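# Per-entry structural report
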Amino acid sequence: MSVKLSRIVERLEELYPPRLAEEWDRVGLITGHPDSEIDKVLVAVDPVAKVLDQAIAVGAQLIVTHHPLYLRGTSFVAATDPKGSLIHRLIENGIALFNAHTNADSAEGGVADCLAAAVGLENTRPLIPLSEHTGSGRIGDLPAALPLKTFAQQVAQALPACPAGILVGGDLEAKVKTIAVSGGSGDSFLADARRAGADVYICADLRHHPASEHLEAGKPYLICATHWASEWLWTPQCARELTQSFAGELTVEVSEICTDPWVQRIAPGTKDI
């Protein structure tokens with residue numbers, strides 16, 4: 001059994017409506033013919049060479065990623081360039097590429113909801129709402145207040161393993177209950193998390209000065225994950241949606257390859273690696 005690519009794209013755009021994407025974003029079908037027959041899909045965070053290698057190895061004809069291949073566009077796709085090479089290899093191997101980025105961040109059941117559920121939040125709602133169930137980030141409550149240190153350990157266990165781990169900023173013994181989350185880079189939402197009354201804000205890629213200046217003014221405390229880890233939690237959910245939507249017609253696999261750029265974390269002062 002197989003499914004036309006156009007049907008899969010239609011379903012993905014129902015789950016993650018393009019209208020939810022930020023104006024600067026690029027979402028949708030990147031390569032592939034709508035009439036192509038698809039029987040296996042690989043879902044991943046990043047469209048990079050090792051994910052394509054995996055797709056070829058497992059026989060997938062479609063890769064669904066969170067991140068776009070060309071966010072700012074390009075005039076050249078020569079195979080001498082890493083991204084151009086990826087385009088060539090996709091086409092040569094008959095593999096389509098689709099991405100759902102900020103539309104999947106904001107959608108109900110998308111990246112933000114998956115992260116909120118993984119860290120144990122209840123009564124969640126959008127941090128920056130577009131509607132009752134859509135918008136950037138999520139905020140909710142833990143079933144019971146926990147010390148920041150304990151909650152941070154809970155977050156570390158909920159996220160997929162990656163070399164860089166997580167960073168924690170704030171009073172480790174302070175009790176926390178109301179939690180804001182945003183998958184991926186999130187320092188632009190620091191003020192929103194504070195206005196919403198969060199005790200902790202979880203995101204990725206926090207820079208030194210914004211984080212330091214924010215913490216000088218108090219809560220929310222900060223948990224900084226890696227970009228890949230905070231967004232990977234969406235990939236099994238996306239795979240389940242496709243599997244249920246095309247039951248008996250489509251096989252869907254999730255890539256567990258860590259595509260963070262960091263391969264090892266070494267504590268300062270360490271003598272032996």
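Described below are features of the structure shown in this document. Please read these numbers as outputs of a predicted model, since none were measured by experiment.

### Some words on the packing of aromatic side chains
Inspection of every chain in the model, using the stated rule, returns two aromatic pairs. Ring geometry for tyrosine 16 against tryptophan 234: centres 5.7 Å apart, planes inclined by 70°, an arrangement best described as edge-to-face. Taken as a pair, tyrosine 16 in the loop between α1 (5-15) and β2 (28-31) and tryptophan 234 in helix α10 (residues 234-245) lie far apart in primary sequence, 218 residues in all. Each ring, one from tryptophan 228 and one from tryptophan 232, has its centre 6.2 Å from the other, and the planes form 45°; the classification is tilted. Of this pair, tryptophan 228 and tryptophan 232 both sit in helix α9 (residues 227-232), four residues apart, which is roughly one turn of that helix. With respect to burial, tryptophan 228 and tryptophan 232 carry one shared label: buried.

### Structural notes on the sheet that holds strand β12 (residues 221-225)
Strands sit in the order β7-β8-β10-β11-β12-β9 across an open sheet of six strands; the sheet is mixed. The open sheet has two edge strands, β7 (122-129) and β9 (167-169), and neither has a second partner. Mean inter-strand twist for the sheet, computed between neighbouring axes without regard to direction, equals 25°. Bridge count between strand β10 (residues 175-185) and strand β11 (residues 200-204): four bridges; the pairing is parallel. Considered in β11, the bridge of alanine 180 is made with tyrosine 201. Most of the contacts of helix α5 (residues 111-118) go to β10, to which it runs at about 145°, and overall it touches β7, β8 (135-147) and β10.

### Regarding the side chain of threonine 178
Along the polypeptide, threonine 178 turns up in strand β10. Among all residues touching threonine 178, those that are not within four sequence positions of it are Ile139, Gly140, Asp141, Gly197, Ala198, Asp199 and Val200.

### Section: unusual backbone geometry
Backbone torsion omega between lysine 219 and proline 220 reads 5°, so that peptide bond is classified as cis. Positionally, proline 220 belongs in the loop between α8 (208-216) and β12. The backbone phi angle of asparagine 123 is positive, close to 50°, even though this residue is not glycine. The topology assignment puts asparagine 123 in strand β7. The exposure class of asparagine 123 is exposed, given its relative accessible area of 62%. Positive phi, normally seen in glycine, also occurs at aspartate 205, with a value near 60°. Secondary-structure assignment places aspartate 205 in the loop between β11 and α8.

### As for the pattern of salt bridges
Proximity of charged atoms lets side chains of opposite charge pair with each other. Applying the stated rule across the entire model yields 10 salt bridges. One salt bridge in this structure joins lysine 4 and glutamate 37, with 3.3 Å as the shortest N-O distance. One end of the pair, lysine 4, is in strand β1 (residues 3-4); the other, glutamate 37, is in strand β3 (residues 37-38), and 33 residues separate them in sequence. Take lysine 4: its relative accessible area is 34%, and that puts it in the partly exposed class. Looking at glutamate 37, the relative accessible area reads 40%, which means it is partly exposed.

### So, the environment of alanine 78
Mapped onto the secondary structure, alanine 78 falls in the loop between β5 (62-65) and α3 (82-92). Judged by its relative accessible area of 38%, alanine 78 is partly exposed. The residues contacting alanine 78, other than those within four sequence positions of it, are Gly84, Ser85 and His88.

### Considerations on the sheet that holds β2
Strands belonging to one sheet form pairs held by backbone hydrogen bonds; the direction of such a pair is parallel or antiparallel. Taken in spatial order, the five strands make up an open sheet running β2-β6-β5-β4-β13, and their pairing is mixed. At either end of the open sheet lies a strand with only one pairing partner, and these are β2 and β13 (251-254). The sheet shows a mean angle of 25° between the axes of neighbouring strands, direction not considered. When β2 meets strand β6 (residues 96-99), the two strands line up antiparallel, connected through three bridges. Note on β6: the bridge partner recorded for glycine 28 is asparagine 99. Taken strand by strand, α1 contacts β2, β5 and β6, and its axis lies near 10° from that of β6.

Conventions used here
Residues numbered from 1 in each chain as written. Predicted model: local features only at pLDDT ≥ 70, side-chain atom pairs only at ≥ 80, totals over all residues. Heavy atoms only, no water. Phe/Tyr/Trp six-rings, centres within 6.5 Å; stacked < 30°, edge-to-face > 60°. Helix = DSSP H or I, 4+ residues; strand = E, 2+ residues; numbered from the N terminus. Buried < 20%, exposed > 50% of the residue type's maximum accessible area, 1.4 Å probe, protein only. Pairing = 2+ DSSP bridges. Axes fitted to C-alpha atoms, helices over the stretch in contact; angles between N-to-C directions. Contact = heavy atoms within 4.5 Å. Salt bridge = Lys/Arg side-chain N within 4 Å of Asp/Glu carboxyl O.

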